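Residue-level structure breakdown
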Amino acid sequence: MKAGGFSCPYKEELTRPQVASRMIPPVTARQLHEYINIARKYEPDFLRFTHPKTGGINGYAKLREYHIPVLQEIRSLAREHTLAEIEDEFKKRASKRKSIQNDALYDTLKANDDSL
């Protein structure tokens, strides 16, 4: 997609086979599906991959270039760990990220209201 003469690679939609072939080493569609399933639960950039009604994977959500690094990280971990272990790791990261956000929110509220 071009905007004002500049190319914006992050807006380009990628198909799942394109993303699967960009993994190092390349993965199958089924493996990519499992990696998306983990990422959608714990990574903010993958929130739209959760179907709002069913809670499963949203097959209509589009992958973009910025999704690849997270999927590649999961791919790299999958070479040494089970998917369950990887999911536990991402769950811990999400919990830690949420805790940090809550601490920052508390600090902001405390700075604005001395009664806390």
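See the structure printed just above.
Let me begin by describing the structure that accompanies this report. Quick caveat: nothing in here was measured; it's all calculated off a predicted structure. (Residues numbered from 1 in each chain as written. Predicted model: local features only at pLDDT ≥ 70, side-chain atom pairs only at ≥ 80, totals over all residues. Heavy atoms only, no water.)

This next bit is on the packing of helix H2 (residues 29-42) against helix H3 (residues 68-78). What describes two packed helices is the angle between their axes and the distance between those same axes. H3 packs onto H2 with a crossing angle of 110° between their chain directions and a minimal axis gap of 10 Å. Regarding the angle of H2 to H3, the classification is roughly perpendicular. Where H2 crosses over H3, the handedness of that crossing is right-handed. On the side of H2, the interface is formed by Leu32, Tyr35, Ile36, Ile38 and Ala39, while H3 contributes Val70, Leu71, Ile74, Arg75 and Ala78. (Axes fitted to C-alpha atoms, helices over the stretch in contact; angles between N-to-C directions. Helix = DSSP H or I, 4+ residues; strand = E, 2+ residues; numbered from the N terminus. Parallel < 35°, antiparallel > 145°, perpendicular 65-115°, else oblique. Left-handed = near helix turned anticlockwise from the far one by under 90°. Contact = heavy atoms within 4.5 Å.)

As a further point, take the nonpolar core. Core analysis: the largest hydrophobic core is formed by 22 residues, its most contacted members being Val19, Leu32, Phe46, Leu63, Leu71, Ile74 and Phe90. Breaking this core down by element, the ones donating at least two residues are helix H1 (16-22), H2, H3 and helix H4 (83-112). Of the residues forming this core, the biggest block, six residues, is contributed by H2. Apart from the residues within four sequence positions on either side, Phe90 is in contact with Ile38, Tyr42, Glu43, Val70, Glu73, Ile74 and Leu77. (Core = buried A, V, L, I, M, F, W, Y, C linked by side-chain atoms within 4.5 Å. Buried < 20%, exposed > 50% of the residue type's maximum accessible area, 1.4 Å probe, protein only.)

What follows concerns the side chain of Gln72. The topology assignment puts Gln72 in helix H3. Look past the residues within four positions of Gln72 in its chain and what remains in contact with it is Arg22, Met23 and Ile24.

For the peptide bond that leads from Ile24 to Pro25, omega is -10°, which places it in the cis range. Looking at the element boundaries, Pro25 is found in the loop between H1 and H2.

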